[in-house]
Structures are given as structure tokens and as C-alpha cells.
Amino acid sequence: MSTAEETAGGDTQPWGEVTPDAARRLLLAAVEAFAERGYHATTTRDIAGRAGMSPAALYIHYKTKEELLHRISRIGHEKALDILRTASGGDGAATERLADAVSSFVRWHARGRTTARVVQYELDSLGPDARAEIVGLRRQVDAEVRGIIEDGVRSGEFDVPDVPGTTLAVLSLCIDVARWFNVDGPRTPEEVGALYADLVLRMVGAGAAATS
């Protein structure tokens, strides 16, 4: 199993929504190539070769290299947004929902570190229209976390003078896990998720707000 398959987010069949199989193989190959070499240094021949296909076969499924990156970015951001929406829509108090959001988001970036690096760090490689769509998804991601923090401030659970700035800090902390996480390192994705959830709750003053 390839790195992209192992780390596409913990799905039973990673990228199962991509059909037919040849299109999925090309997408997996593109994830690995973009993560390893960067978008601009990767050629369509590189991608096709990794997928065991001819360059001509790639154009049957994707018109351009950018279309591949756009699809990877869109699917990745939609998965990340779904993770945060699930946590945000939970029944618990803001403290519980924020901890769940952070731990889940961090686990996704650790397990899917290869995919996440492409999704998070190749935005500027997209053309204007594709970039605008992904920026829109990022704003929705921001809104989910910001909404939980705002709920916590209103309920008195959090002490946060600057909600937008704190939201940015929380998301940056989670996203950066994709850059440094090592599957052979001392912590599992679950352990990193639990650690970061605790750090973020301290950041927003959870507990301290209730006693101040």
C-alpha cells in the first residue's frame, strides 16, 4: 500500500469516491509526487509513471495537472470540513466540542500527513477559479472553529479577547502537524490529538474562565 493510501485520512478505501480505478490510481500517484517533489517540479509523466500508466492515459481522466491538484484539494478540504462540522454539531458544551474538533482535526492531519501537506500547502499553485473555491472551503473551516469558540465565550467557558486571532492560531497549530508528524515517532495520532486538545483548551482559558 502506498503512502498516500495509508495516510488519506483513515478511510477503509482511501479516495473511494474517485472512480474509475484508473482515475483513483492517478490521484494517489499525484498526491505522492506533489508531496515529495512539489507541484511545480512534478510533471504529468512523473504522475503517470508512478501510476504504472502512460502519459496519454492521464489525459483521459484529467485534462491538466492542475485539475488533479484541484480535485485533491477539494476532496481533502471537504473531508476536513466534515470532521469539524461533526464536532461542532455535537451535543456537548463548547469545551467538549472544541476538544473533539481539535483532536479529530489533528488526527486527520497526522494519519493523512502526505495528503494534508498537499491540501494545505499547495493552495497558491491553483489557478484563480480553483483557488477561489478552496479559499471558500477554508472560510467554512474557519467558521466552524470560530463558532465553537464564540459559543464558549458566550457561555462563560472560555476567556478569549480576540476570537478571530485565536481561531487562526488553533487552526495553524492543528494543520502544522502534517508537516512534522512521523509515523515512526514517539506519539500516535491519537496521542497527539489528545495533547493538542489539552493545549487548545488552555489557550482559550477553559476552566479558568469559570473561576475568574
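Residues numbered from 1 in each chain as written. Predicted model: local features only at pLDDT ≥ 70, side-chain atom pairs only at ≥ 80, totals over all residues. Heavy atoms only, no water.

A.B. asks: Can you walk me through the overall build of the protein chain in this structure?
C.D. replies: Per the secondary structure count, the protein chain includes 12 helices and zero strands. Secondary structure elements of the protein chain occur, N-terminal to C-terminal, as α-α-α-α-α-α-α-α-α-α-α-α. Relative to its length of 212 residues, the protein chain is compact, with a C-alpha radius of gyration of 19 Å against a globular reference of 17 Å. Structurally, the protein chain occupies a C-alpha span of about 65 × 40 × 30 Å along its principal axes. Put simply, the protein chain has 212 residues, and 50% of those count as buried. Looking at the protein chain alone, contacts between residues at least 24 apart form 69% of all its contacts between residues at least 6 apart. Looking at the protein chain as shown, the accessible area adds up to about 10,100 Å², and 50% of this sits on carbon and sulfur atoms. Positive and negative charge centroids in the protein chain, built from 24 and 31 side chains respectively, lie 5 Å apart. (Helix = DSSP H or I, 4+ residues; strand = E, 2+ residues; numbered from the N terminus. Rg over C-alpha atoms; globule rule 2.2 N^0.38 Å. Buried < 20%, exposed > 50% of the residue type's maximum accessible area, 1.4 Å probe, protein only. Contact = heavy atoms within 4.5 Å. Areas by Shrake-Rupley, 256 points an atom, 1.4 Å probe, with all protein chains shown as cover. Lys, Arg positive; Asp, Glu negative; His and termini not counted. Charge placed at Lys NZ, Arg CZ, Asp CG, Glu CD.)

A.B. asks: So what exactly am I meant to see when it comes to the confidence of the model for the protein chain here?
C.D. replies: Detail in the predicted coordinates should be disregarded across regions flagged by low pLDDT. On average, the protein chain scores 90 in pLDDT, and the residues at 70 or more come to 91%. Of the regions scoring below 50 in pLDDT, residues 1-12 engages in 28 contacts with residues more than four places distant in sequence or in other chains. (pLDDT = per-residue confidence, 0-100.)

A.B. asks: Please explain the UniProt feature "domain: HTH tetR-type" (unreviewed entry) in the protein chain as it appears in this structure.
C.D. replies: Within this numbering scheme, the UniProt entry marks residues 20-80 as carrying the feature "domain: HTH tetR-type" (unreviewed entry). This span, residues 20-80, is 77% helix and 0% strand, and a straight line between its end C-alpha atoms measures 23 Å. (UniProt positions renumbered as here; feature names shortened; annotations may be inferred.)

A.B. asks: What should I look at first to understand the nonpolar core in this one?
C.D. replies: Across soluble globular proteins, nonpolar side chains show a tendency to be buried alongside one another. Residues Ile 47, Ile 72, Leu 98 and Val 102 are the most contacted members of the largest nonpolar core, which totals 65 residues. Residue contributions to this core peak at 10 residues, all from helix α2 (residues 21-37). Sequence-distant contacts of Ile 72, that is, excluding residues within four places in its chain, are made with Trp 15, Leu 27, Ala 30, Val 31, Phe 34, Val 118 and Val 119. (Core = buried A, V, L, I, M, F, W, Y, C linked by side-chain atoms within 4.5 Å.)

A.B. asks: I would appreciate a short explanation of the packing of helix α6 (residues 94-111) against helix α11 (residues 189-203) in the present structure.
C.D. replies: Helix-helix packing is described using two parameters, namely the angle between the two axes and the distance between the axes. One way to put it is that α6 packs onto α11 with a least axis distance of 8 Å and a crossing angle of 140°. Taken together, the axes of α6 and α11 lie oblique to each other. Of the two possible hands of crossing, α6 and α11 adopt the one that is right-handed. Contacts between α6 and α11 involve Thr 95, Leu 98, Ala 99, Val 102, Ser 103, Val 106, Arg 107, Ala 110 and Arg 111 from the former and Pro 189, Glu 190, Val 192, Gly 193, Ala 194, Tyr 196, Ala 197, Val 200 and Leu 201 from the latter. When the residues that make up the contact of α6 with α11 are grouped by side-chain class, the tally is 12 nonpolar, three polar and three charged. (Axes fitted to C-alpha atoms, helices over the stretch in contact; angles between N-to-C directions. Parallel < 35°, antiparallel > 145°, perpendicular 65-115°, else oblique. Left-handed = near helix turned anticlockwise from the far one by under 90°. Nonpolar A, V, L, I, M, F, W, Y, C, P; charged D, E, K, R; others polar.)

A.B. asks: Help me understand the UniProt feature "DNA-binding region" (unreviewed entry) in the protein chain, please; the structure alone is not making it clear to me.
C.D. replies: UniProt annotation of "DNA-binding region" (unreviewed entry) refers to residues 43-62 when read in the numbering used here. Measuring from the first to the last C-alpha atom of residues 43-62 gives 13 Å, for a span that is 70% helix and 0% strand.

A.B. asks: Help me out: how do you make sense of the packing of aromatic side chains in this one?
C.D. replies: Aromatic rings considered in pairs are described by the distance between their centres and by the relative angle of their planes. Throughout the structure, instances matching the rule amount to two aromatic pairs. A ring pair is formed by Trp 180 and Phe 181, whose centres lie 6.1 Å apart and whose planes are at 55°; its orientation type is tilted. The lysine or arginine in question, Lys 65, covers the ring of Tyr 39, its NZ or CZ lying 4.2 Å from the ring centre. Between Lys 79 and the ring centre of Trp 15, over which it is positioned, the NZ or CZ distance is 5.0 Å. (Phe/Tyr/Trp six-rings, centres within 6.5 Å; stacked < 30°, edge-to-face > 60°. Lys NZ or Arg CZ within 6 Å of the ring centre and 35° of its normal.)

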